[in-house]
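Here are the chains, one letter per residue:
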Amino acid sequence: MKPNFEAMTNKELKAYIVAHRDDDEAIRVLFSRRNPPDSEATWYGPMVAEDGTPIEENIRIAEEAIRQRVEQANQSKQDSQS
């Protein structure tokens, strides 16, 4: 009998998944808890073409998004310390 994954905390669920890596249901429940959910996530294009050639514009866009995310995280950290 499988545990009730919905009732587990994220920490408990992650520990279970580490011990039971083939349990797709547990992984599905953990992924469903993502924040933001996939429906609200921003998806970026591939960083390289099929032949392995870098796609410079996609790399630039991703780097800028990461830079903005880091700035937001740093600002949130500073705000919480104030």
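Everything below is about the structure printed above this text.
First, a word on scope: everything that follows refers to the structure included in this document. Computed from a prediction, not measured in an experiment: that's the story for all the values here.

1. Some words on the nonpolar core
Reasoning step 1: Phe 5, Met 8, Leu 13, Tyr 16, Ile 17, Ala 26, Val 29 and Leu 30 form the largest nonpolar core, which has 8 residues in total.
Reasoning step 2: Secondary-structure elements contributing two or more residues to this core are α1 (10-19) and α2 (24-32).
Reasoning step 3: Once residues lying within four places of it in the same chain are set aside, the contact partners of Tyr 16 are Pro 3, Phe 5, Met 8, Asp 23 and Ala 26.

2. Some remarks on the side chain of Asp 23
Reasoning step 1: Mapped onto the secondary structure, Asp 23 falls in the loop between α1 and α2.
Reasoning step 2: Among the polar contacts made by the side chain of Asp 23, one reaches the side chain of Tyr 16 at a distance of 2.8 Å.
Reasoning step 3: Ignoring any residue separated from it by four or fewer positions in sequence, one finds Asp 23 in contact with Lys 2, Phe 5 and Tyr 16.

3. Regarding α2
Reasoning step 1: When we look at burial in α2, the residues that qualify are Ala 26, Val 29 and Leu 30. Buried residues of α2, seen end-on, are gathered within an arc of 100 degrees and therefore sit on one face of the element. Exposed side of α2, more than 90 degrees from the buried face: Asp 24 and Phe 31 are the residues found there.
Reasoning step 2: Tucked inside the fold, the buried residues of α2 contact α1.
Reasoning step 3: In this structure Asp 23 caps α2, since a side-chain oxygen of it lies 3.2 Å from the backbone nitrogen of Glu 25.

4. Quick notes on the pattern of salt bridges
Reasoning step 1: For the structure shown, the criterion picks out 4 salt bridges.
Reasoning step 2: A salt bridge links Glu 25 to Lys 2, with the shortest nitrogen-to-oxygen separation between them at 3.8 Å. Linking Glu 25 in helix α2 with Lys 2 in the segment before α1, this pair joins segments that are 23 residues apart in sequence.
Reasoning step 3: Exposure remark for Lys 2: the relative accessible area of 47% places this residue in the partly exposed category.
Reasoning step 4: Among the ionic pairs, Glu 64 bridges to Arg 67, the shortest N-O distance being 3.5 Å. With a gap of 3 residues between them, Glu 64 and Arg 67 both fall in helix α3 (residues 56-81), about one helical turn apart.
Reasoning step 5: Accessibility expressed as a relative area gives 44% for Arg 67, which makes it partly exposed.
Reasoning step 6: Put simply, Lys 2, Asp 23 and Glu 25 are held in one network by salt bridges that share partners.

Thresholds, definitions, all that
Residues numbered from 1 in each chain as written. Predicted model: local features only at pLDDT ≥ 70, side-chain atom pairs only at ≥ 80, totals over all residues. Heavy atoms only, no water. Core = buried A, V, L, I, M, F, W, Y, C linked by side-chain atoms within 4.5 Å. Buried < 20%, exposed > 50% of the residue type's maximum accessible area, 1.4 Å probe, protein only. Helix = DSSP H or I, 4+ residues; strand = E, 2+ residues; numbered from the N terminus. Contact = heavy atoms within 4.5 Å. Polar contact = N/O pair within 3.5 Å; in protein donor to acceptor, adjacent residues only side chain to side chain. Arc of directions from axis to C-beta. Salt bridge = Lys/Arg side-chain N within 4 Å of Asp/Glu carboxyl O.

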